[in-house]
Amino acid sequence: SSLRYIDIHISLLGDLYCPHTNPTGSILMSIAENKLIIQDIQHRINSHPSFPSHVMTYTDPSGLPELKASLCRFMNEFIWKQTLVSPQDIIISSGCNALLTQLSIVLFNPYESILIPSPYYPAFDMDFNRFGNVVTIPVYTESPDFLLSIEHMEAAYDRGVSEGHPPRAFLLTNPHNPLGTVYSTDDIHMVVDWCRKKGLHLIVDEIYALSVHSNACPHDSSPFNSVATVLNQSVAHDGSGVSASVNKGMRDDVHVLWGLSKDIGGSGLRMGVLFSHNKYLLRAMQAYCDVFMVSNAMQLIAVDLLGDLKFMRTFIQKSNRLLKLSCMKLIHGLEELGITVVEPKAGLYLFANFRRLLREQTFDSERELHEELASSIKLSLTPGEACRCSVPGFFRLCYAWVPLEAVDEAIKRLTQFIIDRHM
């Protein structure tokens, strides 16, 4: 199974590494959660005032009015900048995976396809296949940098058509998971223009929008720009790359997602938001909101949390400082071992080239290495095959799931592993 790495992660949860109490314990770097800042959010949530009586009653399943208003202010401040977002443009659901599941039902006919640049987040397959019977088609890119091009998109589109699964939409994750890269404004224009020429909807998952490492330095500007911001600026590009004074706008074919799971370290809080100008799509998704509704209690906690812009600004800066520190420590350690990485600018992970550790350049050998790392040195990673990577030997390492000391210990164990293999 492509999600075998989750089984390994779960099997090792009872034996977690601690430098003081369990120095030989398991180091789990296979799940993208930001545990570096959980205590900050937990402390802030614990200060929430008592709930009003309507928390116990039926409410609008697409989101409380006060939460929609708070989200609009928050997103305009931090992510969807220079963009007019109104409450009627958003749907709130129990996480981004719930939103993607809703989209798979209302936007697609069964066995139509969605194109996704590879490598990609492993659970996307399940999000689209499980209820909507949507076929996921990887847009294969090439190592070592996995840069996206029109040629790659055309090849995937043609493959979908030839296999009887006509593409209906394109899914872009920005910042990227598992690469940790950030798409430039030109990249975004390229994808939007291509999707519109093909008549495809564009879904943009921006769940890591606030986990951008350049934010660790207050004088640096973020390399991340939301698709909503880019499309609402008065500059567009024609096919030759020449700037033109045209306001493309979001129109009704671009749909943007964000949630609390990654940037806020709240994957257990189960809340995501979709922004779209397509009133027919939003109306159709509302029909499923009672199934995927966020509890009233959680919504009111989010109103309080996201409405505290001063706290959130300080929190985001601290989070990115810690992410940068952990990321750079891991990169340095891996490079000392001759393991190169795709240069990350964002996210909670990096994508590393372990090909020199494979006995053969095959996915069978990658699976063997994955199991061996877990059994012999208690190191759990996400294999590239699970991310639909085009070549074997790449692994995602989620450095934000573990304390800083565990990064050092992981490098120490990898060093001994390589020595024992006589490499």
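Scoring rules and cut-offs
Residues numbered from 1 in each chain as written. Predicted model: local features only at pLDDT ≥ 70, side-chain atom pairs only at ≥ 80, totals over all residues. Heavy atoms only, no water. Pairing = 2+ DSSP bridges. Helix = DSSP H or I, 4+ residues; strand = E, 2+ residues; numbered from the N terminus. Contact = heavy atoms within 4.5 Å. Axes fitted to C-alpha atoms, helices over the stretch in contact; angles between N-to-C directions. Salt bridge = Lys/Arg side-chain N within 4 Å of Asp/Glu carboxyl O. Buried < 20%, exposed > 50% of the residue type's maximum accessible area, 1.4 Å probe, protein only. Core = buried A, V, L, I, M, F, W, Y, C linked by side-chain atoms within 4.5 Å. Phe/Tyr/Trp six-rings, centres within 6.5 Å; stacked < 30°, edge-to-face > 60°. Parallel < 35°, antiparallel > 145°, perpendicular 65-115°, else oblique. Nonpolar A, V, L, I, M, F, W, Y, C, P; charged D, E, K, R; others polar. Expected span 1.5 Å × (residues − 1). Arc of directions from axis to C-beta.

Colleague: I would appreciate a short explanation of the sheet that holds strand E11 (residues 341–342) in the present structure.
Modeller: Backbone hydrogen bonds hold the strands of a sheet together, and the pairing may be parallel or antiparallel. Spatial ordering of the open sheet is given by E11-E12-E15-E14, a layout of four strands whose pairing is antiparallel. Two strands bound the open sheet, and with one partner strand each, they are E11 and strand E14 (382–383). Bridge count between E14 and strand E15 (residues 394–397): two bridges; the pairing is antiparallel. Across the sheet, the residue bridging to Thr382 is Arg396, located in E15. Across the sheet, helix H12 (residues 363–376) lies against E14 and E15, angled at about 35° from E15, the strand it touches most.

Colleague: How should I be thinking about the pattern of salt bridges in this particular structure?
Modeller: Opposite charge on two side chains makes pairing possible when the charged atoms of those side chains draw close. The tally for this structure, following the rule as stated, stands at 17 salt bridges. Linking Arg413 and Glu409 is a salt bridge whose minimum nitrogen-to-oxygen distance equals 2.9 Å. In this pair, Arg413 and Glu409 are both assigned in helix H13 (residues 404–420), four residues apart and thus about one turn of the helix distant. Just as Arg413 is buried, Glu409 falls in that class too.

Colleague: Sorry if this is basic, but what is going on with the nonpolar core here?
Modeller: Where a protein is soluble and globular, its nonpolar side chains tend to be buried together. Counting 69 residues, the largest nonpolar core has Met29, Ile203, Leu334, Leu350, Phe354 and Leu397 as the members making the most contacts within it. Each residue touching Leu350, except ones within four places of it in the same chain, is listed here: Pro178, Cys327, Leu330, Ile331, Leu334, Val341, Pro344, Phe395, Arg396, Leu397 and Tyr399. With 63 residues, the next largest nonpolar core counts Ile37, Trp80, Phe170 and Ala302 among its residues.

Colleague: It is not clear to me how the packing of aromatic side chains should be interpreted in this structure. Could you clarify?
Modeller: Note on aromatic pairs: each is described by the distance of the centres and the angle between the planes. The final tally for this structure, using the stated rule, is 14 aromatic pairs. A ring pair is formed by Phe146 and Phe351, whose centres lie 5.8 Å apart and whose planes are at 70°; its orientation type is edge-to-face. With Phe146 in the loop between strand E4 (135–139) and helix H6 (150–162) and Phe351 in strand E12 (residues 350–353), this residue pair connects regions lying 205 residues apart in the sequence. By relative accessible area, Phe146 is classed as buried at 6%. Measuring from centroid to centroid gives 5.9 Å for Phe311 and Phe315, while their planes differ by 20°, and the two rings are stacked.

Colleague: How should I be thinking about unusual backbone geometry in this particular structure?
Modeller: The phi torsion of most residues other than glycine is negative, and most of the peptide bonds are trans. Note that the residue after Asn174, namely Pro175, is joined by a cis bond; omega there is -5°. With respect to the element layout, Pro175 can be found in the loop between strand E5 (167–173) and helix H7 (185–198). In the segment running from Asn177 into Pro178, the intervening peptide bond is cis, with an omega of 20°. The topology assignment puts Pro178 in the loop between E5 and H7. Positive phi values are uncommon outside glycine, yet Gln82 reaches one of about 55°.

Colleague: Explanation requested: the packing of helix H4 (residues 96–106) against helix H9 (residues 279–286) in the structure shown.
Modeller: Two quantities define a packed helix pair, namely the angle between the axes and the distance from one axis to the other. Contact geometry of H4 with H9 gives a least axis separation of 10 Å together with a crossing angle of 110°. With respect to H9, the axis of H4 lies roughly perpendicular. Along its contact with H4, which presents Leu99, Gln102, Leu103 and Val106, the element H9 presents Leu281, Ala284 and Met285. For the contact of H4 with H9, the class distribution of residues is six nonpolar, one polar and no charged.

Colleague: Before we go on, may I ask you to explain the pairing of strand E2 (residues 90–93) in this structure?
Modeller: The two faces of a sheet get side chains in turn, since along a regular strand they alternate between them. Side chains Ile90 and Ile92 of E2 all project onto a buried face; the interleaved residues Ile91 and Ser93 project onto the opposite face, where all are buried too. Sheet topology places E2 next to strand E10 (residues 272–276); four bridges connect them, and they run antiparallel. Bridge pairing in E10 links Ile92 to Val273.

Colleague: Would you mind going over helix H3 (residues 65–78) with me for this structure?
Modeller: The α-helix winds at 3.6 residues per turn, so residues separated by three or four positions along the chain end up facing the same way. Here H3 spans 20 Å end to end across 14 residues, near enough to the 20 Å set by a 1.5 Å rise per residue. Along H3, the positions that sit buried rather than exposed are Leu67, Lys68, Ser70, Leu71, Cys72, Phe74, Met75 and Phe78. Turning to H3, the residues buried within the fold contact E2, strand E9 (254–259), E10, helix H10 (296–307) and helix H11 (309–336).

Colleague: What is the right way to look at H6 in this model?
Modeller: Taking 1.5 Å of rise per residue, 13 residues should cover 18 Å, and H6 covers 18 Å from first to last C-alpha, within 8% of that figure. Within the span of H6, buried status applies to His152, Met153, Ala156, Tyr157 and Gly160. One side of H6 holds all its buried residues, which, seen down the axis, span an arc of 130°. Seen from the buried face of H6, the exposed residues on the opposite side, beyond 90 degrees, are Glu151 and Ser162. Buried residues along H6 sit against strand E3 (113–117), E4, E5 and H7.

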